Amino acid sequence: MQTKLLPADEAGIEQAAALLRAGQAVAIPTETVYGLAANACDEAAVQRIFAAKGRPQDNPLIAHIASMDMLHELAAEVPPEALRLAEAFWPGPLTLVLKSAGRVAAGVSAGLDTVGIRFPANEAAQSVIRAAGFPLAAPSANRSGSPSPTTAAHVMADLEGRIPLVLDGGPAPVGVESTVLSLVHGPLLLRPGFVTKEELEEELGIPVLLSDALHAPLQEGEQPHSPGMKYIHYAPRARLTLVEASPEAFAAYAKSRAGEGVWAMCFTDENIADMPYITYGDADDAASQAAALFAALRELDEKGAQTVYVRAPGRQGVGLAVYNRLLRAAGFRLVQL
Ligand code: TXA
Ligand code: MG
């Protein structure tokens, strides 16, 4: 299959909507990462997403909406907390897990009685949903297991020849996937993102619990609330180790392990001598780290890095999302100095 790459303008949006109405899967920009979209209510269309990504069938998909009417169609119940969070954070990088009304295709909920719903802020994404006329299931538009795509070029690198169209809306400004919050099990944070735990707690006025699966590998036989949590994610080919240390201690640690194919990954303006390194944002600006993270992981693979020591970000605010993605990319290998 030939993959067209079109700008996310009126003509591109119309072509994307036409393909979606014909049951195809197409890649679209969102403010978080690029998504691989298909009609959320059409099982055959949804199966094209799983096929193109090579995604496990038991990992549910987020349904993307462009109106509050769509929310009420997809959810069996919309509790007051959901409306409150929608008011505060939608359109934007927050996914709410709610009881499903059974309208989405079986593959979207992956056997659960819940559905993850997000109203994206990206205008092209909203226009595609409106022009298609139905909610779009859209996981990140990468091959399963590899880092999420934050540019159309990343999508092409992973999915060229496997889907008919990629809409190019420029680099995704947020850079990490949406915050996933279950309102069925608590308020329970299933995946940290740009909307932070602190912001959610402030809005809800009650504590938000962190899913156990966030920072530890699942034990044998353990069932996660969010099936996506059991898979290694975001991983480059290189073997990553996350290192919690001051800039100086990190530089010394990385240098002591320098050698063929060994790289360091740290923040802007940090001093790494005698070994190759790349940076991912500023040490004191988690949003800049989020925006740079996935492109940096892809760049390490392009440069042929085999072993990478990554200076760990702080865990406050958006930092928790960056930390969580890196810990998974590192297969939970963490060194604390
Ligand atoms: O920012 C994003 O959310 C991007 C863009 C494209 O919108 N999409 C995205 O989708 O990251 P995906 O499929 O890569 O991640 C969806 C996550 C997975 O961890 C999945 O397990 C969880 O959300 N999820 C989806 N529906 C769920 C449900 N009903 N219950 C629990 N977890 C759910
Ligand atoms: Mg993904």
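These lines cover the structure that appears in this document, whether it is placed above or below. Bear in mind the structure is a predicted one, so any value in this text is a computation, not a measurement.

### Some details on the overall build of the protein chain
- Of regular secondary structure, the protein chain possesses eleven helices and 16 strands.
- Taken over the C-alpha trace, the protein chain has a radius of gyration of 19 Å; the compact-globule value for 337 residues is 20 Å, and the two agree within 12%.
- Taken over the C-alpha atoms alone, the protein chain extends approximately 55 × 50 × 35 Å along its principal axes.
- With 337 residues in all, the protein chain has 56% of them scored as buried.

### Focus: helix H11 (residues 319-329)
- Within H11, eleven of the eleven residues are buried, which leaves the element mostly enclosed by the surrounding structure.
- Within H11, burial applies to Gly319, Leu320, Ala321, Val322, Tyr323, Asn324, Arg325, Leu326, Leu327, Arg328 and Ala329.
- The positive-phi residue at the C-terminal boundary of H11 is Gly331, with phi of around 55°.

### Focus: unusual backbone geometry
- For the peptide bond that leads from Trp90 to Pro91, omega is -10°, which places it in the cis range.
- Here Pro91 is to be found in the loop between helix H4 (80-89) and strand S5 (94-99).
- A positive phi angle, close to 70°, is found at Asp269, a residue other than glycine.
- Within the chain, Phe332 stands out as a residue other than glycine whose phi angle is a positive 70°.
- Along the chain, Phe332 turns up in the loop between H11 and strand S16 (334-336).
- With relative accessibility at 24%, the residue Phe332 sits in the partly exposed group.

Cut-offs and rules
Residues numbered from 1 in each chain as written. Chains lettered and ligands numbered in written order. Predicted model: local features only at pLDDT ≥ 70, side-chain atom pairs only at ≥ 80, totals over all residues. Heavy atoms only, no water. Helix = DSSP H or I, 4+ residues; strand = E, 2+ residues; numbered from the N terminus. Rg over C-alpha atoms; globule rule 2.2 N^0.38 Å. Buried < 20%, exposed > 50% of the residue type's maximum accessible area, 1.4 Å probe, protein only.

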